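Summary of the model geometry
Here's the letter readout for the chains.
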Amino acid sequence: MKRALITGITGQDGSYLAELLLAKGYEVHGTVRRTSSLSRSRIDHLYSDPAVYGRQLFLHYAELDDATPLRRLLMKVSPDEIYHLAGQSHVGLSFEIPESTCDLTAMGTLRLLEMIRDLDRPARLFHASSSEIFGHPARAPQDETTPMAPVNPYGCAKAFATQMVGVYREAFGVFACNGIMYNHESPRRGENFVTRKICRGAAAIKLGRERELMLGDTSAERDWGHAQDYVRAMWLMLQQDTPEDFVLATGVRHRVQDVVETAFAAVDLDWSGHVRQDPRLLRPAEPVQLTGNASKARVRLGWQPEVDFATMIREMTLAELQLLRG
């Protein structure tokens, strides 16, 4: 039985990845933050299953800004594979808390690399990088050779972490891979992300719970895929003979406005009577032309996205409708 450690197991990607690894027969260990709340909604169905929790799934308190417990955990668990997904992952919020974003996302990754370097038993590392490292790219679509040009604190932190993964791979022989992931969504997306906000807003308006949805720049574009497709690629990357970096993307850009129109159409509503722009929600700097070229992943990993944009947004909106109905 292979043993995996997932940092950030309670997040969107972590929860789907845990399900995938458990289905493949892994023993899965996950790090969780010590808080006053016991709610871990994305993995509650696993945590509450006595056939899974304590047998195949184990949770541990450990945080990226506190090296000692994390180091002890790595020595205790001795994982075959480490999936590093934890960190401050909200781009807009990174402008408000740049120092903690960099500490968790950049330095947290460096601390983990140092720990892996010192392990007696080698572990393979997947690091969740981001398209935000490209910021204002010189060309579109972007691939693994595109120069980094981040335009926000989150992108800067991810650029540092991504480059450090490459340094430890080349200098110390660590089996470490960067998955340069473009935006990926699902019904488990955090409520402070615009796709979830739109889908939840459309559902709430449909049920008469709300009347308006306030948004920032709806002309902003992203390459959006489904989280379950992307965690599949994470696993594939660590099954290869040699560690490499891969862009994970759909290759198609959509506007925030496309999310709005698809979500409202899913509940048979006309968006134009309900959506308003709020200047306070505009970002100081917005990446442009972020579209990924995932041809390397298609050829080397045999991977390609299976869920299209419209299907994903409809799934998210209908899930919000069901959730709000209780």
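Let me begin by describing the structure that accompanies this report. The shown structure was predicted, so the numbers you read here are calculated from the model rather than taken from an experiment.

Cut-offs applied
Residues numbered from 1 in each chain as written. Predicted model: local features only at pLDDT ≥ 70, side-chain atom pairs only at ≥ 80, totals over all residues. Heavy atoms only, no water. Axes fitted to C-alpha atoms, helices over the stretch in contact; angles between N-to-C directions. Helix = DSSP H or I, 4+ residues; strand = E, 2+ residues; numbered from the N terminus. Parallel < 35°, antiparallel > 145°, perpendicular 65-115°, else oblique. Left-handed = near helix turned anticlockwise from the far one by under 90°. Contact = heavy atoms within 4.5 Å. Nonpolar A, V, L, I, M, F, W, Y, C, P; charged D, E, K, R; others polar. Salt bridge = Lys/Arg side-chain N within 4 Å of Asp/Glu carboxyl O. Buried < 20%, exposed > 50% of the residue type's maximum accessible area, 1.4 Å probe, protein only. Expected span 1.5 Å × (residues − 1).

Remarks on the packing of helix 7 (residues 194-206) against helix 9 (residues 256-266)
It is the contact of helix 7 with helix 9, at a shortest axis distance of 9 Å, that shows an interaxial angle of 30°. When the axis of helix 7 is compared with that of helix 9, the two are roughly parallel. Helix-helix and strand crossings are classified by hand; for helix 7 and helix 9 the assignment is right-handed. Counted together, V194, T195, I198, C199, A202 and I205 of helix 7 and V256, V259, V260, A263 and F264 of helix 9 form the full contact between these two elements. Grouping the constituent residues of the contact of helix 7 with helix 9 by class yields 10 nonpolar, 1 polar and no charged.

Some details on the pattern of salt bridges
Counted under the stated rule, the structure contains 24 salt bridges. Of the charged contacts in the structure, one is a salt bridge between R169 and D245, with a shortest N-O distance of 2.7 Å. Of this pair, R169 sits in helix 6 (residues 153-172) while D245 sits in the loop between helix 8 (227-237) and strand 11 (246-248), and the two are 76 residues apart along the sequence. The buried category is assigned to R169, whose relative accessible area is 15%. Judged by its relative accessible area of 16%, D245 falls in the buried class.

Side note on helix 1 (residues 12-23)
Over its 12 residues, helix 1 extends 17 Å from the first C-alpha to the last, a length consistent with the 16 Å expected when each residue adds 1.5 Å. Among the 12 residues of helix 1, 9 are classified as buried, and the element is accordingly described as predominantly covered. Within helix 1, burial applies to Q12, D13, G14, S15, Y16, L17, A18, L21 and L22. Taken from the residues just after helix 1, G25 is the one with a positive phi, measuring 90°.

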